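Each chain is listed here by its residues.
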Amino acid sequence: MSSERGLITVISGPSGTGKGTLISGLMGIDSDMHYSVSATTREIRRGETEGVSYYFKTRREFEKLIKNGEVLEWDEFCGNLYGTLKSELQSRVDNGSDVILDITVKGALAIKEAFPDDSITVFLLPPSIKDLEDRIRGRKRETEEQLRDRLAEAEKEIAWVKKFDYVLISDSITEAPKRLKGIIDAERQRVRRNPDILKRMGLEVPDNAPKDA
Ligand code: ADP
Ligand code: 5GP
């Protein structure tokens, strides 16, 4: 096992703000990044694929995963359960692979607490609430009632931005992924994340270097 651990990048922000679009853009310019596929009880949508978009579960199956300790964090969002699977995250990070997550604010803060040295949290804000509403409407995925639910949830979520490490505005589909990549590249170069480089030079490894699991 490498002594260099993977970096967990957690993306949160209101539904419709552009998290999925941002992550696709990042994966296009960062071939070292792995996406953590979550489990959910939400119904599969047209265009989604089992095991790629989500692992689609019944509520009973989801509760069993929690009971068996296979879920690192979970949250309820607009009536459905969503959770990060241990199998998507733990071994990759232990083996030095970088992983990106698209999860709720509560989930982001739980991952930060569980992996304080290995994770960074990034909040993606829409340019304005009006833009957010236009984007949700524009993708024609939600009913009018679901749109209202998601906007109400958005107002609550935005208040948590102060707890995050970084904030990004999803203004440009091409520029926002580049800004995110800049954050991730800088984090990868932190002295404490590169104990192998220091060891090769015969230098002391800082006390706050992430420890091997
Ligand atoms: P989320 O994953 O946060 O729910 P999506 O990535 O599905 O959001 O984006 C919601 C809608 O907004 C989509 O129709 C997408 O094409 C559009 N969108 C995403 N990012 C931008 C952007 N930077 N500028 C304009 N439209 C965007
Ligand atoms: P959607 O239904 O639009 O795919 O996702 C709804 C919300 O669930 C989004 O805010 C998304 O970030 C969040 N979500 C997706 N997977 C997870 C997860 O594993 N854990 C948590 N806490 N939230 C998730």
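Look up: the structure comes first, before these words.
The rules behind the values
- Residues numbered from 1 in each chain as written.
- Chains lettered and ligands numbered in written order.
- Predicted model: local features only at pLDDT ≥ 70, side-chain atom pairs only at ≥ 80, totals over all residues.
- Heavy atoms only, no water.
- Near = heavy atom within 4 Å.
- Polar contact = N/O pair within 3.5 Å; in protein donor to acceptor, adjacent residues only side chain to side chain.
- Areas by Shrake-Rupley, 256 points an atom, 1.4 Å probe, with all protein chains shown as cover.
- 1 Å grid on protein atoms, 1.4 Å probe; cavity = no way out; pocket = protein on both sides within 12 Å on 5 of 7 lines; lining within 4 Å.
- Sits in = over half its atoms within 2 Å of the grid points.
- Pairing = 2+ DSSP bridges.
- Helix = DSSP H or I, 4+ residues; strand = E, 2+ residues; numbered from the N terminus.
- Contact = heavy atoms within 4.5 Å.
- Axes fitted to C-alpha atoms, helices over the stretch in contact; angles between N-to-C directions.
- Points joined across faces, edges and corners; volume = space filled by probe spheres on them.
- Buried < 20%, exposed > 50% of the residue type's maximum accessible area, 1.4 Å probe, protein only.
- Nonpolar A, V, L, I, M, F, W, Y, C, P; charged D, E, K, R; others polar.
- Salt bridge = Lys/Arg side-chain N within 4 Å of Asp/Glu carboxyl O.

### Comments concerning the site of ligand 1
Here is step 1 of the chain: Around ligand 1, 14 residues are found, and the nearest of them are Gly16, Lys19, Gly20, Thr21 and Arg139.
Here is step 2 of the chain: One of the backbone nitrogen or oxygen atoms of Ser170 is found 3.2 Å away from a nitrogen atom of ligand 1.
Here is step 3 of the chain: About the coverage of ligand 1: the protein hides 74% of its 570 Å² of free accessible area.
Here is step 4 of the chain: Under a 2 Å grid-point criterion requiring more than half of the atoms, the pocket assigned to ligand 1 is the largest pocket.

### Let's talk about the sheet that holds strand S5 (residues 71-77)
Here is step 1 of the chain: Across the sheet, four strands lie side by side as S4-S3-S6-S5; this open sheet has mixed pairing. Each edge of the sheet is formed by a strand with only one pairing partner; in this case those strands are strand S4 (55-56) and S5.
Here is step 2 of the chain: Its contacts with the sheet put helix H4 (residues 105-114) on S5 and strand S6 (80-85), and the angle it makes with S5 is roughly 160 degrees.

### Quick word on the layout of surface pockets
Here is step 1 of the chain: Approximately 1100 Å³ is the volume found for the largest pocket.
Here is step 2 of the chain: Lining the largest pocket are 41 residues; nearest its centre among them are Lys19, Gly20, Asp102, Arg139 and Arg141.
Here is step 3 of the chain: Listed by contribution, the elements that provide at least two residues to the lining of the largest pocket are helix H1 (19-29), S5, S6, helix H6 (144-158) and helix H7 (175-188).
Here is step 4 of the chain: The dominant element in the lining of the largest pocket, judged by the number of residues it contributes, is H1, at seven residues.

### Quick notes on the sheet that holds strand S7 (residues 98-102)
Here is step 1 of the chain: Taken in spatial order, the five strands of this open sheet run S2-S7-S1-S8-S9, and their pairing is parallel. The open sheet is flanked by strand S2 (33-35) and strand S9 (166-169), the only strands paired with a single partner. Strand-to-strand twist in this sheet, taken as the mean axis angle between neighbours without regard to direction, amounts to 25 degrees.
Here is step 2 of the chain: Note: strand S1 (residues 8-12) against S7, four bridges, orientation parallel. Note on S7: the bridge partner recorded for Thr9 is Ile100.
Here is step 3 of the chain: Along the sheet face, H4 touches S1, S7 and strand S8 (119-125) and points at about 160 degrees away from the line of S8.

### A short note on the pairing of S6
Here is step 1 of the chain: Most of S6 sits inside the fold, with six of its six residues counted as buried.
Here is step 2 of the chain: By the alternation rule, side chains of S6 split into Asn80, Tyr82 and Thr84 and Leu81, Gly83 and Leu85, which are all buried.
Here is step 3 of the chain: Two strands pair when backbone bridges link them, and strand S3 (residues 39-40) and S6 are joined in this way by two bridges, in the antiparallel orientation. The residue bridging Thr40 from the neighbouring strand is Tyr82, located in S6.

### A few points about the site of ligand 2
Here is step 1 of the chain: Surrounding ligand 2, one finds 17 residues, the nearest of these being Ser38, Arg42, Tyr54, Tyr82 and Asp102.
Here is step 2 of the chain: The backbone of Ile103 places a nitrogen or oxygen atom 3.4 Å from an oxygen atom of ligand 2.
Here is step 3 of the chain: Note that an oxygen atom of ligand 2 is positioned 3.0 Å from one of the side-chain N or O atoms of Arg150.
Here is step 4 of the chain: For ligand 2, the cavity whose grid points lie within 2 Å of the majority of its atoms is the largest pocket.
Here is step 5 of the chain: At the level of secondary structure, the elements contributing two or more residues to the shell around ligand 2 comprise S5 and S6.
Here is step 6 of the chain: When grouped by side-chain class, the residues that make up the shell around ligand 2 number four nonpolar, five polar and eight charged.

### Things to note about the pattern of salt bridges
Opposite charge on two side chains lets them pair, provided their charged atoms get close.
Here is step 1 of the chain: Using the criterion set out here, one finds 27 salt bridges in the structure.
Here is step 2 of the chain: Between Arg42 and Glu48 there is a salt bridge; the shortest N-O distance is 2.9 Å. Comparing Arg42 with Glu48 shows no difference in burial state: the two are buried.
Here is step 3 of the chain: One salt bridge in this structure joins Arg148 and Glu133, with 3.6 Å as the shortest N-O distance. Here Arg148, found in helix H6, pairs with Glu133, found in helix H5 (residues 129-138); they are 15 residues apart in sequence, far enough to count as distant.
Here is step 4 of the chain: Judged by its relative accessible area of 43%, Arg148 is partly exposed.
Here is step 5 of the chain: Within the structure, one salt-bridge network assembled from shared partners comprises Arg42, Arg45, Glu48, Arg139, Arg141, Glu142 and Arg150.

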